[in-house]
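# Chains, contacts and geometry: an overview
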Amino acid sequence: KGISGKGKGDDDGFNLQYIDQFPMANSDDTKRSQKPSGLAPPGVGSNPPKYRYKKNDDDNAPIPVPWWFNPSTANLIHNLSLEDDDIIVSSGVKMGTTWLTNLLVSLLYEYDDDGNLIPEAVANRGKIPGRLGQTYPEGMYATREEKERDELGIYARVPEGGKKCDAVFGDFVWEDLLKMPRPRMFVTHLFGRKYLPRGLFDEDNNDVGISGTVAGNTKRKGKGRLIVMVRNLKDSMCSLHNFRGTPMDGWLGNEHGPGLFRRWLMLDDCPNSMGSAFYWVRENCLAVENIGIERALVVHYEGLILNFGAQLKRINAFLGLPDLTEAKLHAIAKACSFKSMETSQLRTRANCRKGGIGSWKDVDLGEERWAELDKTFNNVLAGEEIADPMRFFQFREIPGMPLLSTKDCDLNTDPRCWPPPSLVTLREGMIVPDPYFLKNTAKSNVETTQFKSTIRPGRHLRLEETANDGSPRFHLFVAGSCPLASSVAGARLILGLEHSISMDVSDGQSGAGWVFLNGATCSPWKDREGPFWLYEAYQLADPLCTASVSVPLLWDTKTHKIVSNDCWEISKLISDASSDLGFCSCPK
């Protein structure tokens, strides 16, 4: 019950195995007999596949693959001869593949700068792979003749397999992919250097099977661009659980298997499609690191939801396209909304399920199991740049929060007894653990955003100006435990600017940086209940900023921009601005 052979045009052999049984996890979870409702049909949806793919030159265990997987074309994609403008999209299972594919198609091919559909692009949607939903290269035959003969018996694996493949991926073959208009885009669940096109990576002639190298150690430069789409692993797991019906083994296991939760935590023996999601993320992190930020981009599902416009502009710039107009951005946002995709002509609209951020919190698996997932995440992905932003969205509640506000503290309060915070920073607008404190290094692949007197040429503040509600235009965020912020607060007091510059004092650090438990007293957050985190100001000022979430911070309530987050700069600004006012709280 297996297929062995060579991929067309390459030297790598492959092996495809059929597995009829799956390992049961060693856990008390499997002793529970569940009767899931709305079961997914065997072989599809959230149930694990029964096929394993392995390259003969790979010493690692084979990876589970769907029934429609073609090992021959999987080898073809690995040995694809890339053009400089080719785009490879590697997206995890249930991590937003359909959404990202639709975004890229709209951005690259379908809308002009005025936000209008390009008639020719619309007319050719059904004739070009990937235009009406992703067309996985590993899910098709190499030639039309092979497809008509069903050479590997792929369509015989499930009833009406050929019709099902065409309904999802379109009636295409590998040769159609190669003829796509440039820039060509290939979307796949394959991952890492072992399975993605080897032409993406710089390699020398010591690498086996690489053509086009010359004598000596001359390197062959990689070509094309890689976009990796990821989503926090708790929401991804829940999305898979509900994919075309719930799995036969339920959440926690029964006579059909160990349950999706236990399968999700398996690493080397994970039976889910493409294997362990933890390993998938780790291998793609290595791939991005090897390729470099000039030709590799990581897109986080949560970032797209929270800051769609900024993230789309980021993708647009990475692809080297002309500046994205507001008209085109709004047209793409409308076309790629869940409502539009659900009612569109997309072949993959059946795969569309409205996701969100934090939907995993509604699943009652018990805190012990969620903690177990967190432990696995930390063991496998600690310090990996791709995984760092995912961690924030896997918190049920922000850790390390102060137990009392500063107003409720007295001389007997000892914050040293409170839960310790985790120091964080912002990298391209996403909250990540602060690398300086974790690794004693400030190394970063992204240039730090500067916030120094950005609102007015001449670096001059007009303190007599007010916000729209009559309150002071400029607002200070400080913290008593920070000496630099305290010095600015002291300067404000000495200069008599208490009524000209409003101020909030942080209640302390948290797992999301400086927090103000009773909220902020300035625009645009003054009417919002609950805690305010300072990172929100940084993200509002620049959704893609890379900066330490530090105090002091001088905020412009009128433009919703950061004037400065440098203590010496702020001190000079308010001193110069106060000289004309004649204010001074010092006794004569």
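Cut-offs used in this document
Residues numbered from 1 in each chain as written. Predicted model: local features only at pLDDT ≥ 70, side-chain atom pairs only at ≥ 80, totals over all residues. Heavy atoms only, no water. Helix = DSSP H or I, 4+ residues; strand = E, 2+ residues; numbered from the N terminus. Buried < 20%, exposed > 50% of the residue type's maximum accessible area, 1.4 Å probe, protein only. Contact = heavy atoms within 4.5 Å. Areas by Shrake-Rupley, 256 points an atom, 1.4 Å probe, with all protein chains shown as cover. Axes fitted to C-alpha atoms, helices over the stretch in contact; angles between N-to-C directions. Left-handed = near helix turned anticlockwise from the far one by under 90°. Nonpolar A, V, L, I, M, F, W, Y, C, P; charged D, E, K, R; others polar. Salt bridge = Lys/Arg side-chain N within 4 Å of Asp/Glu carboxyl O. Phe/Tyr/Trp six-rings, centres within 6.5 Å; stacked < 30°, edge-to-face > 60°. Lys NZ or Arg CZ within 6 Å of the ring centre and 35° of its normal. Patch = residues over 30% accessible without salt bridge, like charges linked within 9 Å, V, L, I, M, F, W, Y side chains within 5 Å. Pairing = 2+ DSSP bridges. Expected span 1.5 Å × (residues − 1). Arc of directions from axis to C-beta.

Regarding its fold elements, the protein chain presents 20 helices and 19 strands. By the burial criterion, 55% of the 588 residues in the protein chain qualify as buried. Restricting the contact set of the protein chain to residue pairs at least 6 apart, pairs at least 24 apart contribute 70%. For the protein chain, the accessible area works out to roughly 27,000 Å², and carbon and sulfur atoms hold 50% of it.

The interhelical angle for the contact between helix H2 (residues 97–110) and helix H13 (residues 326–335), taken along N-to-C directions, is 145 degrees, at an axis separation of 10 Å. As for the relative orientation of H2 and H13, their crossing is right-handed in sense. Residues Asn102, Leu103, Ser106 and Leu107 of H2 form the contact with H13, whose participating residues are Lys328, Ile332 and Ala335. A breakdown of the residues in the contact of H2 with H13 according to their chemical character gives four nonpolar, two polar and one charged.

Oppositely charged side chains can pair when the atoms bearing their charge come close. For the coordinates displayed, the defined rule picks out 24 salt bridges. A salt bridge links arginine 184 to aspartate 86; its shortest N-O distance comes to 2.6 Å. Of the two residues, arginine 184 sits in the loop between helix H6 (174–178) and strand S6 (185–188) while aspartate 86 sits in the loop between helix H1 (71–78) and strand S5 (87–91), which places them 98 residues apart along the sequence. Among the residues examined, arginine 184 registers a relative accessible area of 8% and is labelled buried.

Attention now moves to unusual backbone geometry. Note the cis peptide between serine 523 and proline 524, where omega equals 5 degrees. A cis amide bond, omega 5 degrees, links valine 551 with the succeeding residue proline 552. Structurally, the position occupied by proline 552 is in the loop between strand S17 (547–548) and strand S18 (553–556). The residue arginine 244 is not glycine, and still its phi comes out positive at about 55 degrees. Its location among the elements puts arginine 244 in the loop between helix H8 (233–241) and helix H9 (260–265). Exposure remark for arginine 244: the relative accessible area of 39% places this residue in the partly exposed category. Positive phi, normally seen in glycine, also occurs at histidine 560, with a value near 55 degrees. Tracing the chain through its elements places histidine 560 in the loop between S18 and strand S19 (561–564).

Within the structure shown, the criterion is met by 21 aromatic pairs. On the numbers, 6.2 Å between centres and 50 degrees between planes, the contact of tyrosine 53 with tyrosine 195 is tilted. Residue tyrosine 53 is found in strand S3 (residues 51–55), and its partner tyrosine 195 is found in helix H7 (residues 192–195); the two are separated by 142 residues along the sequence. Between tryptophan 99 and tyrosine 301, the ring centres sit 5.6 Å apart and the planes meet at 75 degrees, which makes this aromatic pair edge-to-face. Taken as a pair, tryptophan 99 in helix H2 and tyrosine 301 in helix H11 (residues 301–306) lie far apart in primary sequence, 202 residues in all. For tryptophan 99, a relative accessible area of 16% gives the class buried. Given a relative accessible area of 7%, tyrosine 301 falls into the buried group. An aromatic cluster is defined as three or more aromatic residues linked by ring pairs; in this entry it consists of Tyr53, Phe69, Phe191, Tyr195 and Trp280. The cationic tip of arginine 157 hangs over the ring face of tyrosine 51; the distance from NZ or CZ to the ring centre is 4.6 Å. The lysine or arginine in question, arginine 231, covers the ring of tyrosine 301, its NZ or CZ lying 4.3 Å from the ring centre.

Attention now moves to a nonpolar patch on the surface. On the surface, Ile305, Leu306 and Ile357 cluster together into a nonpolar patch covering about 240 Å² of accessible area. Topologically, isoleucine 305 is positioned in helix H11. Taking the relative accessible area as the measure of exposure, isoleucine 305 reaches 35% and is therefore partly exposed.

For the rest of this paragraph, the subject is the sheet that holds strand S10 (residues 296–300). Sheet strands line up and pair through hydrogen bonds in the backbone, either parallel or antiparallel. Strand order in the open sheet formed by four strands is S6-S5-S9-S10, with parallel pairing between adjacent strands. On the outer flanks of this sheet lie S6 and S10, each paired with one strand and no other. On average, each strand axis in the sheet is inclined to that of its neighbour by 20 degrees, with strand direction left out of account. Of the strands in this sheet, S5, strand S9 (225–230) and S10 touch helix H10 (residues 277–291), which is tilted by about 150 degrees from S9. Each of S9 and S10 touches helix H12 (residues 308–318); the most contacted strand, S10, lies at about 165 degrees to it.

A few words now on helix H18 (residues 483–494). Its 12 residues give H18 an end-to-end C-alpha distance of 16 Å, which sits within 8% of 16 Å, the value for a rise of 1.5 Å per residue. Taken residue by residue, H18 has Ala485, Val488, Ala489, Ala491 and Arg492 as its buried positions. Projected down its long axis, H18 carries its buried residues within an arc of 155 degrees, all on one side. Elements in contact with the buried residues of H18: strand S13 (474–479), strand S14 (501–506) and helix H20 (567–578). The first or second residue beyond H18 is glycine 496, which carries a positive phi of 70 degrees.

Here we come to the pairing of S9. The side chains of a regular strand alternate between the sheet's two faces. Counted residue by residue, S9 has five buried out of six residues, so it is predominantly covered. Bridge count for S5 against S9 is five bridges, and the pairing is parallel. Bridge pairing in S9 links serine 90 to valine 228. Taken together, the five bridges between S9 and S10 define a ladder with parallel strand orientation. Bridge pairing links valine 230 to histidine 300 in S10.

Below, the discussion takes up the environment of tryptophan 68. Summarising the element assignment, tryptophan 68 is placed in the loop between strand S4 (63–65) and H1. Relative accessible area serves as the criterion here: at 13%, tryptophan 68 is assigned to the buried category. Along the sequence, tryptophan 68 and lysine 164 sit 96 residues apart, while their C-alpha atoms lie 9.3 Å from each other. If we skip the residues at most four places from it in the chain, tryptophan 68 touches Tyr136, Glu138, Gly139, Ile154, Arg157, Cys165 and Phe169.

The next subject is the sheet that holds S17. Overall, antiparallel pairing links the three strands, which are arranged S12-S11-S17 in an open sheet. Taken across any chain shown, the strands that pair with only one partner, and hence form the sheet edges, are strand S12 (430–433) and S17. With four bridges connecting them, strand S11 (residues 424–427) and S12 associate as antiparallel partners. Counterpart to valine 424 in the pairing with S12 is proline 433.

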